[in-house]
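Structural features, examined
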Amino acid sequence: MELAHICQVNHRELKSEKIDYFIAASGYQARSTYLAGIITAPHAHKYMLSFSEENHMALRQNNEAAFSEMGFQTYKTAPDSPDAVEILIEQICNNSSKSEVILLVDYSCMPKMWFASVLDSITRNDFHAEKITVFFSYTPKKFNLEAQKNAIRYLGPMITSKDNLKKSKPVALVVGLDNSFKPTMELIKKINPATIMAFIPENRHDPEYTASVLENNKNLLNLLDKNNIIHYESLEPESINTKLTSRCLDLRLKHEVVIVPQGPKSFSLISSLLSLRYPDVKLWEIITSSKAIDPNNGAAEGEPVVLKVVFCLDDEEE
């Protein structure tokens with residue numbers, strides 16, 4: 001399948017869509033059940049991806065029970081492994097006899113590897129459907145404002161079967177910043193980029209977050225040209241797409257481009273889509289040993305932000 005079109009839509013439009021499959025992730029965060037509570041998708045097959053982790057067990061069990069009551073089937077999977085996600089997507093798309101399949105994916109609480117695997121599976125496999133439409137929904141939350149100093153467990157390609165550095169050109173690092181300054185500096189040390197471009201998140205529901213990201217990354221930002229520091233609104237994926245695509249297309253002429261998306265998952269989703277459209281743009285991931293406790297337990301903060309992504313058969317198949 002080939003990526004054909006993306007656009008932002010109002011989450012209320014989901015109520016009138018004939019959704020065939022609804023995939024969500026359940027963790028300890030309260031927002032994990034938010035979309036399922038307002039978008040019932042009565043005719044959809046529903047799947048809930050459950051983390052194989054044991055922290056915050058009471059919160060996790062409460063959310064999983066809520067998903068179960070709403071008709072979701074449970075799939076257990078590890079946060080740093082996309083295997084179960086890939087199997088689920090193949091199962092869904094191969095078993096459907098419809099010419100168009102419509103999926104709703106709530107990626108609010110998904111690790112980046114999971115929704116990157118959804119995209120990779122759709123584009124890499126031959127399915128019965130001629131068109132696959134995926135609505136990716138993200139529910140905002142309040143962010144933790146403290147600097148995170150967790151040890152790195154993994155640093156490399158998000159999809160491990162691809163995106164290794166060829167080193168045929170100087171490396172350009174495009175990094176979406178969050179409050180994790182130390183892992184970012186470890187990344188820079190590892191790949192030794194010729195140029196660095198930093199994307200700073202803004203969120204109208206959480207203005208303090210931008211200030212904390214700027215403060216925690218000031219040592220890095222002080223080293224960069226001001227033209228290489230780009231602010232983006234995390235609740236406007238189309239705007240993110242415009243800014244990120246423009247910068248990466250300029251860089252890839254003379255550089256091997258590596259995007260490392262951190263911070264709001266909306267930036268990570270757009271990064272994954274950009275990597276699909278331009279396979280020479282590489283997508284890397286930083287996984288740390290643990291994360292700081294969220295004092296707000298990830299409560300929903302504002303309405304869901306929805307991006308419609310359409311895949312079609314490529315010209316050769318047609």
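Residues numbered from 1 in each chain as written. Predicted model: local features only at pLDDT ≥ 70, side-chain atom pairs only at ≥ 80, totals over all residues. Heavy atoms only, no water.

This part covers helix α6 (residues 207–216). If you check which residues of α6 are buried, you get Y209, T210, S212, V213 and N216. All buried residues of α6 fall inside an arc of 165° around its axis, so they share one side. Pointing more than 90 degrees away from the buried face of α6 are the exposed residues P207 and E208. (Buried < 20%, exposed > 50% of the residue type's maximum accessible area, 1.4 Å probe, protein only. Helix = DSSP H or I, 4+ residues; strand = E, 2+ residues; numbered from the N terminus. Arc of directions from axis to C-beta.)

Looking now at the side chain of S212. With respect to the helices, strands and loops of the structure, S212 is situated in helix α6. Classification of S212 as buried rests on a relative accessible area of 9%. In this structure the side chain of S212 is engaged in a polar contact, spanning 3.3 Å, whose partner is the side chain of N179. Sequence-distant contacts of S212, that is, excluding residues within four places in its chain, are made with L145 and N179. (Polar contact = N/O pair within 3.5 Å; in protein donor to acceptor, adjacent residues only side chain to side chain. Contact = heavy atoms within 4.5 Å.)

On to the nonpolar core, then. Membership of the largest hydrophobic core comes to 84 residues, with the highest contact counts inside it found for I132, F136, I259, L273 and F311. Among the elements that line this core, the one with the most residues is helix α4 (residues 112–124), at 7 residues. Ignoring anything within four residues of it in the chain, the contact list for L273 reads L3, I6, L119, L307 and V309. The next biggest cluster of nonpolar side chains, apart from the first, holds 18 residues, and it includes C7, V9, F22 and L104. (Core = buried A, V, L, I, M, F, W, Y, C linked by side-chain atoms within 4.5 Å.)

Worth remembering: the numbers are spatial, not functional.
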